[in-house]
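Survey of secondary and tertiary structure
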Amino acid sequence: MAATDRPDGEASAGRLPVTLFGTCLGDLMTPDTVADASRVLTACGCDVAAPRGATCCGQPAFNSGFDDAARRVARRTLRALARTAGPVVVPSGSCGAMMRLHWRELFRGDRDEAAARAVSARVVEWSAFVAERELPPLAWSGRVGYHDACHGLRELRVRDAPRTLLAAVAGLELVEIGSAERCCGFGGSFAVRYPDVSVAMADSKLADVAAAAVDVLVSGDGGCLLHLGGRLSRTGSPVRTLHLASLLAEALP
Amino acid sequence: MSGDHLTGTTFEGRAAEQLAKPFQRKAIPAAVDGTVAHSRALFATGDRERLRELGRDIRAHAVANLPEYVAAFTDAAEANGTRVHFAGDATEANAIVAGICRDAGAQLIVKSKSMLTEEIELNPALEAAGFEVVETDLGEYVVQIANDRPSHIIGPIIHKTRGEVRELFSAIAGRDLGDDPRALTAFAREQLRDVFLRADVGITGGNFAVAESGSVVLVTNEGNARLATSLPRVHIALVGVERLLPRTADLSVLIPLLVASGTGQQLTTYLSIASGPRREGEPDGPDEMHVVLVDGGRSAILGTGYQDILNCIRCGACQNVCPVYRQVGGHAYGWVYGGPIGAVLTPLFKPSAEGLEVAHASSLCAACDDVCPVKIPLHDLLVDLRRDRVGRRIPGRFERLAYGAWSRAWSSPLLYRLSGRVGIASLRLLARGGVVRRGLGPLRRWTRDRDLLLPGRRRR
Amino acid sequence: MERDAFIARLAAARPGPPLPDVSSLPAVHTELRPGDELYARFVHELTAVNGTCELRPAAAVSAAVVAALGDARRVALGADLGDHQAPVEGALAAAGIAAIAYEEAVADRAVLGALEATVTGCALAVAATGSIVISAAAGRAAALIAPLHVCVVPAEHLVGGLAEALRILPPGSLTAFQSGPSRTADIEKVLILGMHGPGATHVIVAT
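Keep in mind that this is a model prediction, so the values were computed, not measured.

Glancing now at the overall build of chain C. A count of helical and extended segments in chain C gives seven helices and twelve strands. The buried share among the 207 residues of chain C stands at 54%. A separation threshold of at least 6 residues defines the contact pool for chain C, and within that pool the share at least 24 residues apart is 72%. Taken together, the 13 basic and 20 acidic charged side chains of chain C have centroids lying 8 Å from each other.

Encoded structure:
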């Protein structure tokens, strides 16, 4: 893990205050995952707070070229986060990368530029954060494959943290999927702009998942899981999808 | 057949056509996975990052200083006895080549693979001028006979089965050649060898042009470029003006980057450095060498935010790792280049609404950034192109209104919460057991082949 | 268009980085690795690309050439064999192979097209890439016009890597690196040797 991704501002004693930004997709589509992410953070000694008034990081618009729309939405979230303390932990590599890397660009020359820089520097991807903390003994039984979400992997360089976390779970058998690092085809608006291509990409990935014969497909990004889970559901596959945070929450004592 | 296939079509439509080809969807990964693995293994034996930084800096330096290096190249090439021509656009490039062929009294022209000549549509132009042009790279030969287009920078016919090649070649042979690639290749060799021995002009591209020596550098595996520069009376090399390198020594960085990224080889079988026509005492070689430096839209990119794309050395590595390219192949991109490099170049060279749309033919997974041997930030350039597309008000009314309304609602925590609740509640009306199988409106595009799993309904 | 007008259009570029020094390279597969022995690395790389290679004392080179030619009878000989020129010509004649000079073969396209083998020397050979480097002085197409190419490499012509070879390129209108036989994998990725150039490349390193 890069040194810059390490949380700072550790409290001298007691619990570490952290801000958990659940992301819009998490808030609206998978609130359970956000709750699970919070539970795990609490279990590793954090004092978790949700930012009041935060909405979305603006990525869908940013990636489609609608910077004004992206800035307008991101500003709301940025200002909400600027009022919080401690690391901003994000259970999505994609939103994390938007906030950590692209907000500086989006707010360049803007009145909120300084705030964007300050908040960006506090952003940490959830698994990278948790992997640096002490967790209680974890136990969970099953055969698990991990799918690397693209932006967490290639923009935030989070590769080992989720694998380290999964490997620490007693009873869990971690299987490397052949194309773990290849995009699943979600890609935000790409998934609805070009649904045929997006689903073809999912099928290519899911063929490798089937070959790995896993019970559960885990990832660190809700978007990938919504897409892959939706395709697995449509094709009647018995493979479950689970956010890493949910799996670890289930594995807590 | 070349040219662009953008007008009146969409990426979605072109992709659907390609997705319906089951052979291609299996053939592309089968063809490129070996290259990717070999490439990775080769780079693992050295300091890949440092090498890429050197490659990027050499290319970026050359592209930023083209006036100096074009002048130096021209002087050095002319000192070698090469004639250098300057083509502002495709029409001019084609006219220059046709003029050289006419002056040489040529009839038969052999060509080795060149993406630039695909860009400028040289073959149809020469044919219209009355010349017979024969492509000599095996893949390009098949493409030419089939009146098709190459679908990959390095492997032009990775979309074709041996059965298709058998049909094409058997028709020429007048007998069934079977589908053993060995026999098919032998047939092509025999046909093309005869053409090489008779040809008046050999046309090649140029992987690089070296300013200090006035040389054109060619890498191939089959040996056709070498033959094309050896046997005909006239050699014409068409080189994109951005492909200049300052020094011969720069090849010690860029050749390993190009070859390992493009084919996964230590070195291609043939690496030729052509520095002019046959000299006194040399037993063979052309009487004339011409280099046509082609601008063709490149100078317009200089000085813009897209200048880095001119650092590209056309290795095809970004295509090989692109998850979109792997599904749809090169033709879906609608012009000469497929994959991430095509998604950037097509909007820049064909800036119509249809051309600009191609910037969206990427899930922005950034796999291309990681393999680019000269570290072009393809992912960022794609986002920049999408921004330009919005700036030019090309997205449809619906898309613009949707983002506008979305941004107004979600910049208010209250409206965000409200719209979320209303949204989820309406989805529940469509759902059975927490799963939406048939959405309405824009959601239909999600649920055509996927379910939408609603909150609280986790797949267990 | 005119040179000056063409160049003028290229002046709008954003400034770039300075040209980096490449006099010493980072570790790269086209250069020697620490501990590499020249000949061993050359054989390893050439064999990996389907070429064949043998090491022979100077006196045994002619016999090795004759053996490598096998049944080939329409043979052209480059003029770049140096000290081996006369002995090789003699050995071919003694073996009943009426070899002609490449210069003569190239003058008649029918003869050129019917060649079964060529024998050439080389200006350089590169250990790290398994390449032989032939200058146009020996004939541009000499190494690839026939199905078999036999190349005599004086051991002192062997250099370590691509960078060194590029520093001491032989003069001539074309410098040609060749690494193993001609190949293609265009049809369904099936590797086939001898597409346009030779299907077999045999290198005799003369000590």
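Continuing now.
Let's shift gears to the overall build of chain B. Helix and strand counts for chain B come out as 21 helices and twelve strands. Against the 2.2 N^0.38 benchmark of 23 Å for 460 residues, chain B shows a C-alpha radius of gyration of 25 Å, consistent with a compact globule. Structurally, chain B occupies a C-alpha span of about 85 × 55 × 45 Å along its principal axes. Looking at chain B as a whole, 65% of its 460 residues qualify as buried. Look at the contacts in chain B between residues 6 or more apart in sequence, and 72% of them connect residues 24 or more apart.

Another point: the interface of chain C and chain B. With 77 residues of chain C in contact, the opposing surface of chain B contributes 104 residues. Summed over both partners, the interface of chain C with chain B buries about 7,300 Å², with 61% contributed by carbon and sulfur atoms. In this assembly, chain C and chain B are joined by three salt bridges. Between B:Asp295 and C:Arg9 there is a salt bridge, with its nearest N and O atoms 2.9 Å apart. Remark: the boundary between chain C and chain B carries 41 residue pairs in polar contact (both at pLDDT 80 or more). Looking at the side of chain C that touches chain B, the elements with two or more residues in it are α1 (3-8), α2 (38-48), α5 (102-107), α6 (109-113), α7 (162-167), β9 (174-178) and β10 (183-184) of chain C. Across the side of chain C that touches chain B, the residue classes break down as 44 nonpolar, 18 polar and 15 charged.

Right, let's talk about the sheet that holds strand β2 (residues 108-111) of chain B for a bit. Residues and elements named next belong to chain B. The strand order across the open sheet formed by six strands is β1-β10-β7-β4-β2-β3, and the pairing between neighbours is parallel. The outermost strands of the open sheet, each flanked by one partner alone, are β1 (83-87) and β3 (132-135). Mean inter-strand twist for the sheet, computed between neighbouring axes without regard to direction, equals 20 degrees. As paired strands, strand β7 (residues 234-240) and strand β10 (residues 288-294) are joined by seven bridges and run parallel to one another. Across the sheet, Ala 237 pairs through a bridge with Val 291, a residue of β10. Set on the sheet, helix α5 (residues 90-103) makes contact with β1, β2, β4 (201-204), β7 and β10; between it and β1 the angle comes to about 150 degrees. The sheet strands contacting helix α10 (residues 181-198) are β2 and β3, and the helix crosses β2 at an angle near 120 degrees.

Before going further, it helps to spend a moment on the domain arrangement of chain B. Examined at the domain level, chain B breaks down into domain 1 (11-294) and domain 2 (398-453). Once you take the C-alpha centre of each, domain 1 of chain B and domain 2 of chain B turn out to be 50 Å apart.

Moving on, we get to the interface of chain A and chain B. Contacts between the two partners involve 67 residues from chain A, matched on the other side by 59 residues from chain B. Of all residues in chain A, the largest losses of buried area upon contact with chain B belong to A:Phe66, A:Tyr194 and A:Arg234, amounting jointly to 13% of the total for that side. Our count for the contact surface shared by chain A and chain B stands at six salt bridges. Notably, a salt bridge pairs A:Asp67 with B:Arg387, separated by 2.6 Å at the nearest N-O pair. Along the contact surface separating chain A from chain B lie 27 residue pairs in polar contact (both at pLDDT 80 or more).

Attention shifts here to the packing of helix α4 (residues 67-82) of chain A against helix α19 (residues 397-410) of chain B. Two numbers describe how α4(A) lies on α19(B): the axes approach to 8 Å, and their chain directions differ by 15 degrees. With respect to α19(B), the axis of α4(A) lies roughly parallel. The handedness of the crossing between α4(A) and α19(B) comes out as left-handed. Every residue of α19(B) that contacts α4(A) at A:Ala69, A:Arg72, A:Val73 and A:Arg76 is listed here: B:Tyr403, B:Trp406, B:Ser407, B:Arg408 and B:Trp410. For the contact of α4(A) with α19(B), the residue count by class is five nonpolar, one polar and three charged.

Its location among the elements puts B:Asn224 in helix α11 (residues 224-228). Reaching out from B:Asn224, the side chain makes a polar contact with the side chain of B:Thr136 at a distance of 3.2 Å. Beyond its immediate stretch of four places on either side in the chain, B:Asn224 contacts B:Lys111, B:Ser112, B:Lys113, B:Thr136, B:Asp137, B:Phe196 and C:His196.

It is worth spelling out the sheet that holds strand β1 (residues 16-20) of chain A at this point. Residue and element names in this part refer to chain A. Taken together, the four strands give an open sheet; going across it, the order is β2-β1-β3-β4, and neighbouring strands pair in parallel fashion. Of all strands in the sheet, those with a lone pairing partner are β2 (46-49) and β4 (123-125), marking the two edges. Going across the sheet, the axis of each strand differs from the next one's by a mean of 35 degrees, ignoring polarity. As paired strands, β1 and β2 are joined by four bridges and run parallel to one another. Note that in β2 the partner of Pro 17 across the bridge is Asp 47. Across the sheet, helix α6 (residues 113-122) is in contact with β1, β3 (88-90) and β4; its angle to β4 comes to roughly 30 degrees.

All names here are of chain C. Counting buried positions over the five residues of strand β6 (residues 131-135) gives five, a clear majority of the element. On β6, burial covers both faces: Ser 131, Val 133 and Ser 135 on one face and Ile 132 and Ile 134 on the other are all buried. When strand β5 (residues 124-126) meets β6, the two strands line up antiparallel, connected through three bridges. Residue pairing in the sheet places Ala 125 in a bridge with Ile 132 of β6. Between β5 and β6, which pair antiparallel in sequence order, lie four residues; one of them, Gly 130, sits at a positive phi of approximately 65 degrees.

Looking now at a nonpolar patch on the surface. Taken together, the side chains of B:Leu415, B:Leu418 and B:Val422 make up a nonpolar region of the molecular surface, amounting to roughly 270 Å² of accessible area. As for its placement among the helices and strands, B:Val422 is situated in helix α20 (residues 413-430).

This part is about helix α13 (residues 244-251) of chain A. Burial within α13(A) is extensive, with seven of its eight residues counted as buried. Looking at α13(A), one finds that the buried residues are A:Leu244, A:Ala245, A:Ser246, A:Leu247, A:Leu248, A:Ala249 and A:Ala251.

Moving on, we get to the side chain of B:Glu140. Residues and elements named next belong to chain B. Its location among the elements puts Glu 140 in helix α8 (residues 138-145). Although Glu 140 is buried, it forms no salt bridge, and the closest oppositely charged side chain is Lys 113 at an N-O distance of 4.4 Å. Apart from the residues within four sequence positions on either side, Glu 140 is in contact with Lys 113, Glu 118, Glu 135, Pro 150 and Pro 156.

Once that is clear, we can look at the arrangement of the chains. By contact count, the leading pair among the two pairs of chains in contact is chains B and C. Considering only C-alpha positions, the minimal separation of the non-contacting chain A and chain C is 20 Å.

To continue, consider the environment of B:Ala225. Residues and elements named next belong to chain B. Within the secondary structure layout, Ala 225 lies in helix α11. According to the relative accessible area criterion, Ala 225 is buried, its value standing at 1%. Considering only alpha carbons, one finds Ala 225 and Ser 272, 47 residues apart in sequence, at a separation of 8.3 Å.

Below, the discussion takes up helix α9 (residues 160-167) of chain A. Residues three or four positions apart in an α-helix share a direction because the helix packs 3.6 residues into each turn. Turning to α9(A), its buried residues number three or more, namely A:Ala161, A:Pro162, A:Arg163, A:Leu165 and A:Leu166. As for α9(A), its buried residues are in contact with α7 (126-131), β5 (138-147), β6 (169-175) and α13 of chain A.

Turning to the packing of aromatic side chains, a few remarks are in order. Summed over the entire model, instances satisfying the criterion amount to 15 aromatic pairs over all chains. Each ring, one from A:Phe66 and one from B:Tyr403, has its centre 4.4 Å from the other, and the planes form 25 degrees; the classification is stacked. With A:Phe66 in the loop between α3 (59-64) and α4 and B:Tyr403 in helix α19, this pair bridges two chains. Accessibility assignment for this pair places A:Phe66 and B:Tyr403 in one class, buried. Here B:Tyr141 and B:Phe169 contribute two aromatic rings whose centre-to-centre distance is 5.6 Å and whose plane-to-plane angle is 50 degrees, an arrangement assigned as tilted. Of the two residues, B:Tyr141 is situated in helix α8 and B:Phe169 in helix α9 (residues 162-173); the sequence distance between them amounts to 28 residues. Here a set of aromatic residues connected by ring pairs shows up, and it is made of A:Phe66, B:Tyr403, B:Trp406, B:Trp410 and B:Tyr416. Above the face of the B:Phe43 ring, B:Arg48 is positioned so that its terminal group lies 5.8 Å from the ring centre. Its guanidinium or amino end placed over the ring of B:Trp446, B:Arg450 lies 4.2 Å from that ring's centre, counting from NZ or CZ.

Cut-offs applied
Residues numbered from 1 in each chain as written. Chains lettered and ligands numbered in written order. Predicted model: local features only at pLDDT ≥ 70, side-chain atom pairs only at ≥ 80, totals over all residues. Heavy atoms only, no water. Helix = DSSP H or I, 4+ residues; strand = E, 2+ residues; numbered from the N terminus. Buried < 20%, exposed > 50% of the residue type's maximum accessible area, 1.4 Å probe, protein only. Contact = heavy atoms within 4.5 Å. Lys, Arg positive; Asp, Glu negative; His and termini not counted. Charge placed at Lys NZ, Arg CZ, Asp CG, Glu CD. Rg over C-alpha atoms; globule rule 2.2 N^0.38 Å. Buried area = accessible area lost by both parts, 1.4 Å probe. Salt bridge = Lys/Arg side-chain N within 4 Å of Asp/Glu carboxyl O. Polar contact = N/O pair within 3.5 Å; in protein donor to acceptor, adjacent residues only side chain to side chain. Nonpolar A, V, L, I, M, F, W, Y, C, P; charged D, E, K, R; others polar. Pairing = 2+ DSSP bridges. Axes fitted to C-alpha atoms, helices over the stretch in contact; angles between N-to-C directions. Domains from an automatic or database assignment. Parallel < 35°, antiparallel > 145°, perpendicular 65-115°, else oblique. Left-handed = near helix turned anticlockwise from the far one by under 90°. Patch = residues over 30% accessible without salt bridge, like charges linked within 9 Å, V, L, I, M, F, W, Y side chains within 5 Å. Areas by Shrake-Rupley, 256 points an atom, 1.4 Å probe, with all protein chains shown as cover. Phe/Tyr/Trp six-rings, centres within 6.5 Å; stacked < 30°, edge-to-face > 60°. Lys NZ or Arg CZ within 6 Å of the ring centre and 35° of its normal.

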